[in-house]
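As a plain string of letters, each chain reads:
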Amino acid sequence: MGGAMRTTLAYFGQDCTDSAVIRRIASFRGAGVQVVGLTFRRLKFNRTYRPDWDNIDLDTTRDRDYLRRAWMLVRALARCVAAGQRLRRADLIMARNIDMALLAIAARTLTGARAPLVY
């Protein structure tokens, strides 16, 4: 008999050091979901934390620095496109806030990924 298929989730997160992001990804992994994180990092808390999941680092951002944040999203899109094969393998794409959802939509479109997006 064949083994069960493993679901792959591409998770777009605003801060890989945020305890809510860490808990959310841990929950998915605990349920047997393979997670590929596409996450930014903020230097507010948990500065030394390193994700223990497969993670594509989208760079470091700062709160309330909206002009720089817009530029970082453009640069992050290039990193997402470079990781296109990993996005195309995802069964589901999840984003937890509006800028991450917009980034996920653009990355999904540019990479040809077909997984549904959950916001």
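Scroll up for the structure.
Residues numbered from 1 in each chain as written. Predicted model: local features only at pLDDT ≥ 70, side-chain atom pairs only at ≥ 80, totals over all residues. Heavy atoms only, no water.

Asks: So what about the environment of Gly32? Which residues, and what values?
Replies: Mapped onto the elements of the fold, Gly32 is located in the loop between helix H1 (19-30) and strand S2 (34-42). The spatial distance from the C-alpha of Gly32 to the C-alpha of Thr8 is 9.2 Å, given a sequence separation of 24 residues. Dropping the residues within four chain positions of it, Gly32 is found in contact with Arg6 and Thr7. (Helix = DSSP H or I, 4+ residues; strand = E, 2+ residues; numbered from the N terminus. Contact = heavy atoms within 4.5 Å.)

Asks: Would you mind going over the packing of helix H2 (residues 66-82) against helix H4 (residues 98-111) in detail, with residue names and values included?
Replies: Each pair of packed helices gets described by two things: the angle between the helix axes and the distance between those axes. Relative to each other, H2 and H4 sit at 35 degrees, their axes nearing to 9 Å. Taken as a pair, H2 and H4 cross one another with a handedness that is right-handed. For the pair H2 and H4, the contacting residues are Arg69, Leu73, Ala76, Leu77, Cys80 and Val81 in the first and Asp99, Met100, Leu103, Ala106, Ala107, Leu110 and Thr111 in the second. Taken together, the residues of the contact of H2 with H4 sort by class into 10 nonpolar, one polar and two charged. (Axes fitted to C-alpha atoms, helices over the stretch in contact; angles between N-to-C directions. Left-handed = near helix turned anticlockwise from the far one by under 90°. Nonpolar A, V, L, I, M, F, W, Y, C, P; charged D, E, K, R; others polar.)

Asks: Account for the pairing of S2, with residues named and values stated.
Replies: With respect to burial, S2 is a largely interior element, eight of its nine residues being buried. Of the strand pairs in this sheet, strand S1 (residues 8-13) and S2 are connected by six bridges, and their pairing is parallel. When the sheet's bridge partners are listed, Leu9 is paired in S2 with Val35. Once you follow S1 into H1 and on to S2, the crossover reads as right-handed. Sheet topology places S2 next to strand S3 (residues 54-61); six bridges connect them, and they run parallel. Note on S3: the bridge partner recorded for Val36 is Asp54. (Buried < 20%, exposed > 50% of the residue type's maximum accessible area, 1.4 Å probe, protein only. Pairing = 2+ DSSP bridges. Right-handed = clockwise from strand over helix to strand, strands pointing away.)

Asks: Quick one: what's the story with unusual backbone geometry, residue by residue and with numbers?
Replies: Even without being a glycine, Asp59 presents a positive backbone phi close to 110 degrees. With respect to the helices and strands, the residue Asp59 is situated in strand S3.

Asks: Lay out H1 with the relevant residues and their values.
Replies: Here H1 spans 16 Å end to end across 12 residues, near enough to the 16 Å set by a 1.5 Å rise per residue. Looking at H1, one finds that the buried residues are Val21, Ile22 and Ile25. Down the axis of H1, the buried set is contained in an arc of 100 degrees. They therefore lie on one face. What points out from H1, more than 90 degrees from its buried face, is the exposed set Arg23, Ser27 and Gly30. If you follow the buried residues of H1, they end up packed against S1 and S2. (Expected span 1.5 Å × (residues − 1). Arc of directions from axis to C-beta.)

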